[in-house]
Structure formats: C-alpha cells, structure tokens
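Single-letter residue listing:
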Amino acid sequence: SAEDGYRLWLRYNTIDNPALLQQYRQQITSISCPSDDARLIAAHQELQTGLSGLLGKKISLQTTVTNGTILLGLRSHLPFIRKLVGDTALARLGEEGFIIRTVKHEGKNVTLITANKEAGILYGAFHFLRLLQTQQSIQQLSITSVPKIKLRLLNHWDNLNRTVERGYAGGSIWDWQRLPGYIDQRYIDYARANASIGINGAAITNVNANAILLTEEWLQKVAALANAFRPYNIKIYLTARFSAPVEIGKLKTADPLNEEVRKWWKDKTDEIYKHIPDFGGFLVKANSEGQPGPQNYQRTHADGANMLADAVAPHGGIVMWRAFVYSNETPEDRFKQAYNDFKPLDGQFRKNVLVQVKNGPIDFQPREPFHPLFGAMPQTPLMMEYQLTQEYLGFATHLVYLAPLFKEVLDADTHAKNNSTVAQIVDGTTDGHTLTGMAGVSNIGSDINWTGHPFGQANWYTLGRLAWDNTLTSAQIANEWIRQTFTNKQAFVDTVQQLMLASREIQVNYMTPLGLHHIMGYSHHYGPAPWYNKAPRADWNPVYFHKADSIGIGFDRTAAGSNALAQYQPAVQQQFENMATCPETFLLWFHHVPWDYRVHSGKTLWETMCDKYYSGVDSVRWMQHRWEGMKNYIDAERFSQIKQLLAIQEQEAVWWRNACLLYFQTFSRKPIPAKYEKPD
Ligand code: GCU
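Definitions and cut-offs
Residues numbered from 1 in each chain as written. Predicted model: local features only at pLDDT ≥ 70, side-chain atom pairs only at ≥ 80, totals over all residues. UniProt positions renumbered as here; feature names shortened; annotations may be inferred. Helix = DSSP H or I, 4+ residues; strand = E, 2+ residues; numbered from the N terminus. Buried ≥ 20, exposed ≤ 12 C-beta atoms within 10 Å, placed from the backbone. Near = placed C-beta within 6 Å. Nonpolar A, V, L, I, M, F, W, Y, C, P; charged D, E, K, R; others polar. Pairing = 2+ DSSP bridges. Axes fitted to C-alpha atoms, helices over the stretch in contact; angles between N-to-C directions. Contact = placed C-beta atoms within 7 Å. Core = buried A, V, L, I, M, F, W, Y, C linked by C-beta atoms within 7 Å. Domains from an automatic or database assignment. Right-handed = clockwise from strand over helix to strand, strands pointing away.

## A short note on the UniProt feature "active site" (unreviewed entry) in the protein chain
Right, on to step 1. As annotated by UniProt and renumbered to match this structure, "active site" (unreviewed entry) occupies E289, D363 and E391.
Right, on to step 2. Within the secondary structure, E289 sits in the loop between β9 (281-284) and α11 (301-312).
Right, on to step 3. Mapped onto the elements, E391 comes out in the loop between β12 (382-387) and α13 (403-411).
Right, on to step 4. The class for E391 is buried, based on 22 C-beta atoms found within 10 Å.

This is the structure in structure tokens:
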C-alpha cells in the first residue's frame, strides 16, 4: 500500500524471525523515563511505537524498573548513572552523543540509554530501534556514539508558493497557507525521520531567497514549524536575501558596512529570535547567478557574512555563507572562480561563520573532483554541501545511490597537511575547528513516498548517517537502510545492496564517462544535450565543458590550459596533471585528449568511450534483471514502482548513449566498434 512508501525506514513491522522475536520479547518488557522534557517524551513515544510494532505486543511506559526495562535517563535523573559511566565518559558525549549499555540496576537486567544532554537520549533511542530493525543482538550492549559533525542539515530549496527549485517529488511539504494554525502530521513524521538519522537542522527555504520570508506574518509560520521540530532536536535556519533591507526595510542600500543596514539586520534578527528563541541562523547565496550580495557595493563576501554574523552572534546563531559563486563576465574557467573569490578571505570571517562549499568545483555532476577550496582555507570552517535531489542525475526517475559519490569526495586527500582528507577538513580534525557542518540539498516533496523514487529515500538517509559518522562505508549504510526500508531477508539484502553500490558508476558510464561533465539539457538539466551552445551565458553551455573538436575532447585544466590544477596542492596536481597517469575517471576533467590516444587498457579514447557508454546501458539492464528477481520479497506497489522506473532509466540510458556517441562521432570521425553494431 501507499503507506509502505510513506513510512520510510521507520516501518516497525513485527520481526519476521520467530526465534529472534522471542528473544527480543524476553529482553524488552517496558520503558522507563524519569523526566518530561520534550525530547525525552519524543524518545519514549518513539520507543513505544517502535517496540510495540517490532515485538507485536504493547510495550508501555512504567515508573518501576523490572527485568527488560529500557531505561532512559541523564545522570541528574538517576545518580547511579554517574557511578556507572563516570564523569569524563559522559562529558565526552558532548551535546548529542549517547551510551547504550546492558546493565544491572536494582538487581534487574536493564538496557540503559544515557547521555550528557537530552538530545543524546533521543538519538540513542533511535539507534536502539535500529538495532532491532536490522535484527542485531541486543544481549550485551556497550555502545558509545558521538557525532563527528556538529551541524547536520537539510537545505530545502522550497519557494514560498510551494514550488521547489530542482524538486522532483511534488510540491513543498510546507503548507504555508495553513500555517501557523495547522500542524500537518507530516511535519512530525519529517522530524522523526530526521532525528532517527541524526539530522539536527533544516534550512527550509530556497537559497534563491525571497525577502518576504523575513516579515512578521511569515515568521509566525516559521515559528510554528520550529515548535513542531523542537522535540526532535531540529533547529530551523532561514535563507536571507541580501537585498532585504531595501526590499522589505525600505532602505536605500544593502551595503553591509552601512550603519543603518547593520542596524536593520540586527533588529530583524532580534525579531526572529523573539519568535524562535532557538533559531539556528542564516544560509546565504550572494553574488551568484544573479543574486544580490556585498559585491554590489564593492564589499567582499567576508563583509557580507560578518554583518549577518554580528547580528546573530548575541543569540548564539551562525551564518552559512555559500561559496557557489561564478560570473559570466569573468573570462576565467568557471572551475576556478569560487577559489579565487574565497581563498584570499581566509581568516577574515567571524567565528560564527561557516563557508558552505559544494562537493565539487562545478555543480553536482555525476562525478567531480573535490572542490579545491577544501584544504585551502585553514582558518575558516568549511561546510560540505551535497545535493540529494538528483538535478543532474536523472531527477527522481533514475536509481542512483549517492553514498559512493559522497564517500569518494570525503576520502580524497587534499594533501594540505597531514591528516587532511576532505572528511578531516570538514569534521574539523585537520585545523581544529569545533564548528563543523554538512548539508544536503533536500530531495523531499509532497509525494506520498517523500522522494518520488523509492530509492531517493536512501540518499536522504545517507546524508544523516554520514554526517553523524563519516567513517561508515557505503555498503554499511545501504545494508542498514535496505533492512529497515524493505526486509531483512538475506537474498534481498544482498542483491539490492549490490545493485545500489554499482548504481552510481553505472550512471556515470551512460551519462558522463571518463570525466565528461555538464553536457545535459540546457536549464532543466534532464537528458543529454552535448551539442547545445545557445545558453545566454557561455558557462552554461555544454560545449564550454567538453570542448570536442577534430583533435579530441575534454577541458585542459593543466598549466597549458586554464591551469585550474594549480589550485590544488602539488601532490594532487601530480595525480592529475599528466595525461598518462591521470585516473581515467577524471581524464576529461583535466585534459583535452586526442581521439586516438591510448588509455591504460591500450584501447583508444574513442573505443573506450564507446565501451563505457555501452556498458552503462548493459548494466541498467542488469539492474532490471536483478530487480525482477526481488518480486516476492516486498510489497507489490513498491516493487512495481521501481520496475517501471528502471524501465524508463533503461530507455534513457540508451538515449544518453546514442545522443552522446553520435554527436561526439561527428568530431572523432571514427566508427562505433563493430561488436556494438547490432541494433537494440
Ligand atoms: C544549480 C541549480 C540552481 C541553484 C544553484 C545553487 O546551479 O541549477 O537551481 O540555484 O545550483 O546551488 O545556488
């Protein structure tokens, strides 16, 4: 039924393994929670719902402790916790970490979920449920878990009229018209889903911002959402339109160094905090793609960010200032522009500013090298921005599991120092930052199943899990998501996990193999259009990026070309600068390669390109075939949705392959290898 999609990974169906079910029933008899803090209420309510479902019998809240009690509490509630866990161990948990332990208390066997702060207990409760959902032993638990990253956010690109920029799963879930009076159950379920994976913040509006959002009427609506999210430890952030002082404040300027402007933002911020005492802060896109910003007044990004930072600082707020900037008027390779703008500003930002950087230098392509700003601004906390909504990856129609893409970037070594992988830059290890963040541009909409494609849910899930623990592998995350979302049956888990792990590379192969990028349809970004050259800006044209000609294809970013490579550390430059040693996956990102050039396999570039495109299509057929075998494991509705979507994906993989090869062939003037010449 439709509910199967709606419930995401929080299904709580009764455990289908009788022996295990019996064990769990013995080990879990009740819940005890000696506090009425809103977050603890959320925690024990979730445990009641979850455990009652999973165990197929009512598990209720009790004041007495018996064998099998799940005991939630802080040390201030229960002095024995302090003795048991110790001050230093508790302190190490910080604001959000938790401990789950099997202990003896008053002679009874109980499972203790404790933390330094209430939020930790909430996360511990969800973790405990996950253990059961994935059918793990809960016999002798001794788990300590602390998030690696402080701000774990979704960025919704939702407009105030309920359209969603780059949203492919229906309209916005924020029902502004009926807010603040009406709290849709969907808000609560959204918050539960986020809390279950550790997401603790949401920027709920489009980065291409509307200043109206900051007016009284709208702030009341936002406050109602904040109230709904608070028990789930989720803070709200708003996108701030830089020209708001002019548009809604009637000032003549938005110059960040102007006293009146500064006062306007200060007053506006105070007003926001009156409505939302725990407001998180602002997310800002400025001087990018036509958005206003400090550069309109000959000021820098730091001037702009600091003005807002000063306004939120007295309230403990933060500013996330985006580094996604490039300008058509600059002749410079678009790849280089964010670095050129931001690197010189390192050290000039206030303490409560993070610069939010997309994972790669262009724009959420199926594969990009890591953004050269990572490792280049040691004095500034850099927040990772990923995109969950698949703007360039087949929208909510293609099955692509994004964890391998995210991990590839996190695992990349920036060589800025010792211990300076992108993961370590972002989680603060490298430069000792404690203000750290990771955001995902949301793929959530009003579709019954939230993300349009049932597998889109996995990408939302991944963002939360990776932000909590960036050492988790793609396989681990897929495995636990599949078990919770579909079933624990091993054959299903194994097959679907394999399919998910392969899906990203398959897509790269049928869309943009060998380091091709940004060759999709103009503006809507769906489907292939490598030939397109009519965009109003050169740097939006596919031809700008692939540069195919009679000699070869690819963007020369070595010293002989745009020299974007110089923005990386020497050790990274060395990996890419030589055509002969550059990994094939990044070849056309950095080199203009002759059609006849022989790659590592000894085949020519052209033959290799044909191989990749053809193998991409074949692999989608492999996915279809594997999925077909999953029919009897899950509900008919989701089975059929995925089957139909895979069929479209197959057609469109063929479309990508044929369009790209036939177009590029007009330059290469070489045949498609004979082995592929049978029609299909
Ligand atoms: C992409 C996307 C835009 C978005 C922009 C951004 O370019 O196509 O819709 O506004 O990214 O991240 O700001």
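Having put the structure on the table, let's press on.
## Considering the site of the ligand
Right, on to step 1. For the ligand, the full set of nearby residues is E165, R166, V207, N208, K285, E289, F324, D363 and E391.
Right, on to step 2. Of the residues belonging to the shell around the ligand, the class tally is two nonpolar, one polar and six charged.

## Some details on the sheet that holds strand β1 (residues 30-32)
Right, on to step 1. The sheet built from five strands is open, its strands ordered β1-β2-β4-β3-β5 with mixed pairing. The open sheet has two edge strands, β1 and β5 (142-145), and neither has a second partner. Mean inter-strand twist for the sheet, computed between neighbouring axes without regard to direction, equals 25 degrees.
Right, on to step 2. By the bridge criterion, three bridges tie β1 to strand β2 (residues 69-74) in an arrangement that is parallel. Note that in β2 the partner of I31 across the bridge is I70.
Right, on to step 3. Lying on the sheet, helix α3 (residues 38-55) is in contact with β1 and β2; it crosses β2 at an angle near 170 degrees.

## A short note on unusual backbone geometry
Right, on to step 1. Here the bond from L179 into P180 is cis, since omega is 5 degrees, no more than 30 degrees from zero.
Right, on to step 2. Residue position: P180 is located in the loop between β6 (151-155) and α7 (185-196).
Right, on to step 3. Even without glycine at this site, N233 takes up a positive phi of about 60 degrees.
Right, on to step 4. What makes N233 buried here is the crowd of 26 C-beta atoms within 10 Å.
Right, on to step 5. Of note in this structure, E289 is not a glycine but carries a positive phi near 50 degrees.

## Remarks on the nonpolar core
Right, on to step 1. Among the nonpolar cores identified, the biggest contains 207 residues, and A125, I236, L308, V319, V355, L373 and M383 are the most heavily contacted of them.
Right, on to step 2. Aside from chain neighbours lying at most four places away, what touches M383 is L151, M320, L354, V355, Q356, V357, G437, M438 and A439.

## Considerations on the domain arrangement of the protein chain
Right, on to step 1. The assigned domain composition of the protein chain is domain 1 (2-145), domain 2 (151-472) and domain 3 (510-676).
Right, on to step 2. Here the C-alpha centroids of domain 1 and domain 3 sit 47 Å apart.

## Thoughts on the sheet that holds strand β8 (residues 235-239)
Right, on to step 1. Taken in spatial order, the eight strands close into a barrel running β6-β7-β8-β9-β10-β11-β12-β13, and their pairing is parallel. For this sheet the average axis-to-axis angle between neighbouring strands, irrespective of direction, equals 25 degrees.
Right, on to step 2. Here β8 pairs with β9 via three bridges, running parallel. The residue bridging Y237 from the neighbouring strand is G281, located in β9.
Right, on to step 3. In this fold α11 packs onto β9, β10 (318-322) and β11 (353-358), with an angle of close to 160 degrees to the strand it touches most, β10.

## Looking at the pairing of β9
Right, on to step 1. Across four bridges, β9 lies against β10 in parallel orientation. Residue L283 lies in a different strand from β10, and its bridge partner there is M320.
Right, on to step 2. As for the winding sense of the linkage, the β-α-β connection from β9 through α11 to β10 is right-handed.

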